[in-house]
Amino acid sequence: IPEDRSGEINVRAHSDASKVYLEFKDNGIGIAEHLRSKVFMPNFTTKGSGMGLGLAISKQIVENAGGSIEFDTKDNVGTTFFIELPLYSQ
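Here the structure is a predicted model, which is why all the values come from computation and not from measurement.

Rules and cut-offs
Residues numbered from 1 in each chain as written. Predicted model: local features only at pLDDT ≥ 70, side-chain atom pairs only at ≥ 80, totals over all residues. Heavy atoms only, no water. Helix = DSSP H or I, 4+ residues; strand = E, 2+ residues; numbered from the N terminus. Areas by Shrake-Rupley, 256 points an atom, 1.4 Å probe, with all protein chains shown as cover. Lys, Arg positive; Asp, Glu negative; His and termini not counted. Charge placed at Lys NZ, Arg CZ, Asp CG, Glu CD. Pairing = 2+ DSSP bridges. Core = buried A, V, L, I, M, F, W, Y, C linked by side-chain atoms within 4.5 Å. Buried < 20%, exposed > 50% of the residue type's maximum accessible area, 1.4 Å probe, protein only. Contact = heavy atoms within 4.5 Å. Patch = residues over 30% accessible without salt bridge, like charges linked within 9 Å, V, L, I, M, F, W, Y side chains within 5 Å. Salt bridge = Lys/Arg side-chain N within 4 Å of Asp/Glu carboxyl O.

Caption draft 1: Representation of the overall build of the chain. Of the regular secondary structure elements, the chain holds one helix and four strands. Seen through its C-alpha atoms, the chain measures out along the principal axes to roughly 50 × 25 × 20 Å. As displayed, the chain offers around 6,600 Å² of accessible surface, 53% of which is attributable to carbon and sulfur atoms. Put simply, the chain has 9 plus and 12 minus side-chain charges, and the middle of one group is 2 Å from the middle of the other.

What follows is the structure, given as structure tokens:
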């Protein structure tokens, strides 16, 4: 998030008869075009610290639960991650 703007993260959730939908939206600088294909790869990070495992692990957890995770990003506007998970039924 650029220094000239206050950081925001908005979370939305809703469901239908079979799935729950989650959205996580920030107001950062977005993800550069050349990095988008690497976002979910283990050990990928753009930060000076950390191991670059967070999104790779998140993707694995979501997919192991039968769901999906995707993102949309706009330069200098921000990024939104979309998660779909099946509802548990007995």
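After that view, the rundown keeps rolling.
Caption draft 2: Geometry of the pairing of strand β3 (residues 68-74). Here seven bridges tie β3 to strand β4 (residues 78-86), and the two strands are oriented antiparallel to one another. Looking across to β4, one finds that Ser68 is bridged to Glu84. The loop that links β3 with its antiparallel partner β4 comprises three residues; one of these, Asn76, has a positive phi angle of about 60°.

Caption draft 3: Structural view of the nonpolar core. Among the nonpolar cores identified, the biggest contains eight residues, and these are Ile31, Leu35, Val39, Phe40, Val62, Ile69, Phe81 and Ile83. Once residues lying within four places of it in the same chain are set aside, the contact partners of Leu35 are Phe44 and Thr46.

Caption draft 4: Quick look at a nonpolar patch on the surface. A surface patch of nonpolar side chains, amounting to about 300 Å² of accessible area, comprises Ile9, Val11 and Phe24. Mapping Phe24 onto the fold places it in strand β2 (residues 19-26).

Caption draft 5: Representation of the pairing of β4 within the structure. Both β2 and β4 contribute to a ladder of seven bridges, which runs antiparallel. Looking across to β4, one finds that Tyr21 is bridged to Glu84.

Caption draft 6: Main features of the pattern of salt bridges. Inspection of every chain in the model, using the stated rule, returns six salt bridges. One salt bridge in this structure joins Glu33 and Arg36, with 3.3 Å as the shortest N-O distance. Classification of Glu33 as exposed rests on a relative accessible area of 62%. Residue class for Arg36 comes out partly exposed when judged on its relative accessible area of 24%. One network of salt bridges, with partners in common, ties together Glu33, Arg36 and Asp75.

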